[in-house]
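This is what each chain is made of:
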Amino acid sequence: MDARSAHDGASVAGSDTSARARLQLPASCDPPQPGAQRKQLVWIVFGGTGHMGRSLVKCALGHGDLVTTVGRLFESTPESMKQQNENCLGLLCDVRDGASVARVVERTRDYFGRIDCIVNCSGYGVIGACEDQDEHEIRNQFETNFMGTLHIIQASLPYFRQQNAGRYLIFSSTSGALGVPGLGPYCATKYAVEGLVEAMLYEVDSFNVKATLVEPGLVRRDEPDARMNPLPTWGHFLIKPASEPYAHATSPALHAKRMVQWLGDRQPTSAVKCAELVWQLGHCSYPPLRLLLGSYAIESIRDRLRSVTEELEDWKHLNFPVAPDAPGAEKDDKGDRDDRDDRDERDERDDRDDRDDDDGDSPSPSMKE
Ligand SMILES: NC(=O)c1ccc[n+]([C@@H]2O[C@H](COP(=O)([O-])OP(=O)(O)OC[C@H]3O[C@@H](n4cnc5c(N)ncnc54)[C@H](OP(=O)(O)O)[C@@H]3O)[C@@H](O)[C@H]2O)c1
């Protein structure tokens with residue numbers, strides 16, 4: 001089965017039995033149509049040796065695009081990354097180092113002559129309580145996930161501006177939209193990426209540069225060769241041993257670890273189907289700011305947004321006192337005014353009494369005695 005036929009007739013998180021309908025982005029974004037002519041795009045996929053990146057590289061090559069796939073470790077040789085495909089260039093870089101990212105951008109331009117779409121699938125997280133993670137681990141997650149994304153954008157944006165076209169597809173996570181116990185610093189890096197990209201979008205729109213944050217839920221590897229793949233099922237997470245206060249079986253800080261271990265390789269969302277949608281994102285005319293992938297992402301982010309809205313409604317009266325002309329406000333307002341008038345009248349009476357006392361016509365209390 002070639003990559004293209006593997007992606008046809010599928011739905012992102014649904015079971016294969018319900019999956020006769022073609023897996024496609026909504027018509028409103030003008031996705032590529034099957035069988036229709038489309039431009040051959042040049043992609044760079046950072047993190048192309050990982051769980052999500054490999055599927056995307058395979059998908060883009062299967063659709064006939066040109067791809068630079070980028071790994072970090074020397075075990076991933078440029079030769080092994082090429083996937084026996086002449087449309088693929090394999091490079092190595094460390095996204096924490098801006099200069100090595102810039103070299104990837106430069107070499108891709110030299111090799112393919114242009115760049116249309118840059119994807120950042122590089123990243124990792126440490127599972128452990130916020131209190132348990134040391135400064136080095138936290139900084140390294142920020143260097144990789146946040147600074148890595150910034151390096152990629154800063155190395156390529158001048159080029160995209162110059163050609164007046166370009167697209168970023170940046171892998172965030174559901175952890176970029178809600179706090180997950182046991183993943184605090186990882187969530188913080190993804191929130192930072194979300195803020196960066198959302199702000200940048202307004203700045204670069206006039207240069208015809210677009211960006212989408214991809215928020216996958218829990219993604220399983222399901223390439224045909226997944227079983228032979230030496231990568232761990234939860235490649236992008238390292239698990240830190242918990243300190244005593246966080247180590248008991250029901251500790252909330254162990255939530256992420258329990259989830260990873262409980263799911264094993266039974267994550268509900270397919271990496272192959274996600275890759276097909278992300279590929280369409282590169283080719284569609286009107287990409288969204290966010291693409292959520294899988295039922296877990298949809299449900300958990302929707303629940304989180306609902307709880308934020310409900311809390312906001314419960315507390316908003318502190319910030320919006322009732323206006324005098326609002327319905328129902330008149331009665332209350334009149335009540336307030338009446339109270340105020342009563343108080344003023346009482347004060348005035350007391351003042352008058354005091355003044356009468358001071359006149360000397362009446363004896364002082366002591367004299368009265
Ligand atoms: N899989 C999921 O369920 C899921 C869910 C939500 C979000 N995500 C996000 O999706 C992205 C991909 O996840 P994944 O599951 O594919 O992870 P993965 O299998 O661990 O792959 C991570 C990739 O990042 C690369 N990488 C790590 N550190 C790097 C560095 N300093 N410089 C350059 N490359 C580096 C790795 O290269 P090497 O292999 O050479 O080390 C690898 O290619 C991540 O940002 C992750 O947060 C994944």
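This text goes with the structure placed above it.
Keep in mind the model is a prediction, meaning the values are calculated, not measured. (Residues numbered from 1 in each chain as written. Predicted model: local features only at pLDDT ≥ 70, side-chain atom pairs only at ≥ 80, totals over all residues. Heavy atoms only, no water.)

**Q** Sorry if this is basic, but what is going on with the pattern of salt bridges here?
**A** Between side chains of opposite charge, a pair can form as their charged atoms come close. Overall, the coordinates contain 13 salt bridges when judged by the stated rule. Across the salt bridge formed by Glu223 and Lys58, the nearest N and O atoms sit 3.6 Å from each other. Of the two residues, Glu223 is situated in the loop between β8 (219–220) and β9 (237–239) and Lys58 in helix α2 (residues 51–62); the sequence distance between them amounts to 165 residues. For Glu223, a relative accessible area of 11% gives the class buried. With a shortest N-O distance of 2.7 Å, Glu135 and Arg139 are connected by a salt bridge. Of the two residues, Glu135 and Arg139 are both situated in helix α5 (residues 135–163); the distance of four residues between them amounts to about one turn of the helix. Since its relative accessible area comes to 52%, Glu135 is described here as exposed. Given the relative accessible area of 53%, Arg139 is considered exposed. Residues joined by salt bridges that share partners form a network here, namely Glu194, Glu198, Glu215 and Arg290. (Salt bridge = Lys/Arg side-chain N within 4 Å of Asp/Glu carboxyl O. Helix = DSSP H or I, 4+ residues; strand = E, 2+ residues; numbered from the N terminus. Buried < 20%, exposed > 50% of the residue type's maximum accessible area, 1.4 Å probe, protein only.)

**Q** Which parts of the structure should I look at to understand the pairing of strand β7 (residues 209–216)?
**A** Along any regular strand, the residues point their side chains to alternate faces of the sheet. For β7, the buried fraction is high: seven of the eight residues fall into the buried class. Pairing between strand β6 (residues 166–171) and β7: six bridges, direction parallel. Within β7, the residue paired with Phe171 across the bridge is Val214. Viewed along the sheet, the connection from β6 through helix α6 (residues 184–204) into β7 turns out right-handed. (Pairing = 2+ DSSP bridges. Right-handed = clockwise from strand over helix to strand, strands pointing away.)

**Q** Looking at this model, I keep getting lost on the nonpolar core. Mind explaining?
**A** The tendency in soluble globular proteins is for nonpolar side chains to be buried as a group. With 31 residues, the main nonpolar core has Trp43, Val45 and Val119 as its most contacted residues. Residue assignment for this core shows that the elements contributing at least two residues are β1 (42–46), α2, β4 (117–120), β6, α8 (271–283) and β11 (290–293). Top element by residues in this core is α8. It accounts for seven residues. Discounting chain neighbours no more than four positions away, the residues touching Val45 are Gly53, Leu56, Val57, Val67, Thr68, Thr69, Val70, Val119 and Cys121. The next biggest cluster of nonpolar side chains, apart from the first, holds 30 residues, and it includes Leu89, Ile115, Val193 and Leu213. (Core = buried A, V, L, I, M, F, W, Y, C linked by side-chain atoms within 4.5 Å. Contact = heavy atoms within 4.5 Å.)

**Q** Is there a simple way to explain the site of the ligand in this structure?
**A** The local shell around the ligand holds 25 residues, among which Thr49, His51, Met52, Arg72 and Tyr186 are the closest. The side chain of Asp94 places a nitrogen or oxygen atom 2.9 Å from a nitrogen atom of the ligand. Contacts to the ligand include Gly123, whose backbone N or O atom sits 3.4 Å from an oxygen atom. Burial of the ligand by the protein amounts to 94% of the accessible area it has alone, namely 890 Å². (Near = heavy atom within 4 Å. Polar contact = N/O pair within 3.5 Å; in protein donor to acceptor, adjacent residues only side chain to side chain. Areas by Shrake-Rupley, 256 points an atom, 1.4 Å probe, with all protein chains shown as cover.)

**Q** Can you walk me through empty space enclosed by the protein in this structure?
**A** It is the rolling of a water-molecule-sized probe over the atoms that shows where space remains empty. The tally for this structure, following the rule as stated, stands at two cavities of 30 Å³ or more. The computed volume of the largest cavity comes to approximately 50 Å³. Forming the walls of the largest cavity are Ile127, Gly128, Ala129, Asp132, Ile239, Lys240, Ala242, Tyr246, Ala253, Leu254 and Lys257. Its residues assigned to classes, the lining of the largest cavity comprises seven nonpolar, one polar and three charged. (1 Å grid on protein atoms, 1.4 Å probe; cavity = no way out; pocket = protein on both sides within 12 Å on 5 of 7 lines; lining within 4 Å. Points joined across faces, edges and corners; volume = space filled by probe spheres on them. Nonpolar A, V, L, I, M, F, W, Y, C, P; charged D, E, K, R; others polar.)

**Q** Please explain the packing of α5 against α6 as it appears in this structure.
**A** Angle between the axes and distance between the axes are the two parameters that describe a pair of packed helices. Two elements in contact, α5 and α6, have axes separated by 8 Å at closest approach and are oriented at 20°. With respect to each other, α5 and α6 are oriented roughly parallel. Remark: the crossing between α5 and α6 carries right-handed chirality. Residues Ile138, Gln141, Phe142, Asn145, Phe146, Thr149, Leu150, Ile153 and Leu157 of α5 touch α6, and the partners they reach there are Pro185, Tyr186, Ala188, Thr189, Lys190, Ala192, Val193, Leu196, Met200 and Val204. Among the residues forming the contact of α5 with α6, the class breakdown is 14 nonpolar, four polar and one charged. (Axes fitted to C-alpha atoms, helices over the stretch in contact; angles between N-to-C directions. Parallel < 35°, antiparallel > 145°, perpendicular 65-115°, else oblique. Left-handed = near helix turned anticlockwise from the far one by under 90°.)

Note that every value here comes from positions in space, so none of it alone points to a role or purpose.
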